[in-house]
Amino acid sequence: MIEVIHNPKGFESSYIEYLNQCFGDWGSIDVYNWYFNRQVGNLKADIMILKKDGEIIAGSGVSYRKVLLANNSRITVGIMTGSWTLPSARGQGCFTKIIEESVAVASDKGATFLLAFVTENNVSFRRLLNAGASLFKTYYLFSNDNTPLPKSDCTIYSPPYGGEEVKRIFGRLMKKQSGFTHFTYNFKEWKLQFLDRPTKTELLCINDTCFAIIEKKGIFDRVLILSFDKEITFGDSIKALLKRSINNERKLFLFTTSKSWKDECVNLKFGYIPGHLTTLIANENEFVKVYPSTLGVTKNNVDKLYDPPSRWYIGAWDIQSGDRV
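In this report, we go over the structure that sits alongside the text. From a predicted model like this one, the values you see are computed outputs, not experimental measurements. (Residues numbered from 1 in each chain as written. Predicted model: local features only at pLDDT ≥ 70, side-chain atom pairs only at ≥ 80, totals over all residues. Heavy atoms only, no water.)

Section: the environment of Thr119
Mapped onto the elements of the fold, Thr119 is located in strand E5 (residues 113-119). When the C-alpha atoms of Thr119 and Ile2 are compared, they prove to be 26 Å apart, with 117 residues separating the residues in sequence. When residues no more than four places from it in sequence are discounted, the contact partners of Thr119 are Phe125, Tyr140, Ile273, Pro274 and Gly275. Here the side chain of Thr119 touches Asn121 through a polar contact of 2.7 Å, side chain to side chain. (Helix = DSSP H or I, 4+ residues; strand = E, 2+ residues; numbered from the N terminus. Contact = heavy atoms within 4.5 Å. Polar contact = N/O pair within 3.5 Å; in protein donor to acceptor, adjacent residues only side chain to side chain.)

Shown next as structure tokens:
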């Protein structure tokens, strides 16, 4: 029988060891603190570990965010974060148990939904699908050795870090996300989320009008956020960033919920892995507050959350890579 221990005291260093054992170079205590001890809103992340016959076999976390739905309802969501299972314990139902416990923990915190970001080829995706999760398509895009150097005349430079440009990005994104379902932040939270991370970040300006925040991770330049206006298109922006990465002998990575962004990147010969934002109803009472006409909906009947004609349609998400944690 699997035993679950919630928020164990003094377990940080052991949790980091297990994550690094399962995922390679996951990170250090600084990364752990950013994931699990940094608050967005008023809720601190929850940690759980699983034991069998007294031995630790798996663990996971649930972090919390505020979300503004397309219908202008503001809700709390839980996000499955940093889940791992030791190789010797795989195939024993650990992740299924983690899903069940995560829903319960998120419900106790008043979260309407439990979210998870997964690629379609990950075994975790199948477990979440079996749990009844509703699916919203996402796209993981990356340059590789077959990605040609694009033509681009755009100029890229680094504006003053933390200057007015950062506030300009923040204000522009809030306007751009109107009508979409998205994570919400105050300016301090947003800066911690996208710029003040435990890994190195760069603030870049393209043609004096488009802004990008890049995270350096291994051989990849990860596009945490891309903010542009009518003077420069997404295609122009991504070509400029791709040219810069290739010239620096690096790879470019992009996560998006935008199909048009995905199509543009595929045309540039990016590699592509389909993914999903999975969504489970965590707290039915909170769900009914948002959708009063859904009294008959249960946690096992959530397939209409991303069906536009549905009366309980969540809306289309606008999420970029830096939002995911």
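Observations regarding the pairing of strand E13 (residues 271-281)
With respect to burial, E13 is a largely interior element, eight of its eleven residues being buried. Here E5 pairs with E13 via seven bridges, running antiparallel. Opposite Phe113, over in E13, you have Ile281 as the bridge partner. Examined bridge by bridge, strand E6 (residues 134-142) and E13 share nine bridges and lie antiparallel to one another. Directly across from Ser134, in E13, lies its bridge partner Thr279. (Buried < 20%, exposed > 50% of the residue type's maximum accessible area, 1.4 Å probe, protein only. Pairing = 2+ DSSP bridges.)

Things to note about the state of the cysteines
According to the stated counting rule, one finds zero disulfides in the structure shown. Here Cys94 stays free of any disulfide, with the sulfur of Cys22 as its closest cysteine sulfur at 10 Å. Note on Cys94: relative accessible area 3%, which makes it buried. Cys205 takes part in no disulfide bond, and the closest cysteine sulfur to it belongs to Cys210, at a distance of 7.5 Å. (Disulfide = S-S within 2.5 Å.)

Here we look at unusual backbone geometry
Negative phi values dominate among residues other than glycine, just as trans dominates among peptide bonds. In this structure, Asp53 takes a positive phi of about 55° despite not being glycine. A residue is classified by how much of its surface remains accessible, and Asp53, at 70% relative accessible area, is exposed. Phi at Glu249 is positive, roughly 60°, even though this residue is not glycine. In this structure, Glu249 sits in the loop between helix H7 (234-247) and strand E12 (251-256).

Some remarks on empty space enclosed by the protein
Scanning all chains against the criterion turns up one cavity of 30 Å³ or more. Forming the boundary of the largest cavity are Tyr35, Arg38, Gln39, Val40, Leu43, Lys44, Ala45, Ser63, Tyr64, Arg65 and Val325. By residue number, the principal contributor to the lining of the largest cavity is strand E3 (residues 55-68), which donates three residues. Classifying every residue of the lining of the largest cavity by side-chain character gives six nonpolar, two polar and three charged. (1 Å grid on protein atoms, 1.4 Å probe; cavity = no way out; pocket = protein on both sides within 12 Å on 5 of 7 lines; lining within 4 Å. Points joined across faces, edges and corners; volume = space filled by probe spheres on them. Nonpolar A, V, L, I, M, F, W, Y, C, P; charged D, E, K, R; others polar.)

Notes on the nonpolar core
In terms of nonpolar packing, the biggest core is built from 39 residues, with Phe113, Phe183, Trp190 and Trp317 touching the most fellow members. When residues of this core are assigned to their parent elements, the largest contribution, four residues, is made by helix H5 (residues 164-176). Residues in contact with Phe113, not counting those within four places in the same chain, are Ile75, Thr76, Val77, Gly78, Thr279, Leu280, Ile281, Ala282, Phe287, Leu305 and Ile314. Leu50, Ile57, Ile98 and Leu114 belong to the second-largest nonpolar core, a separate cluster that totals 27 residues. (Core = buried A, V, L, I, M, F, W, Y, C linked by side-chain atoms within 4.5 Å.)

Considerations on the layout of surface pockets
Any space left empty among the atoms is revealed by the rolling of a water-sized probe across them. Roughly 1,500 Å³ of internal volume is contained in the largest pocket. A total of seven residues in the lining of the largest pocket trace back to one element, the largest contributor, which is strand E4 (residues 74-85). The class makeup of the residues in the lining of the largest pocket is 25 nonpolar, 13 polar and eight charged. Looking at the second largest pocket, its volume works out to about 290 Å³. Forming the walls of the second largest pocket are 22 residues, and the residues nearest its centre are Leu173, Met174, Gln177, His182 and Phe183. Residue assignment for the lining of the second largest pocket shows that the elements contributing at least two residues are H5, strand E8 (182-184) and helix H6 (187-194). Considering every element that reaches the lining of the second largest pocket, the biggest residue donor is H5, with four residues. Grouping the amino acids of the lining of the second largest pocket by side-chain chemistry returns twelve nonpolar, seven polar and three charged.

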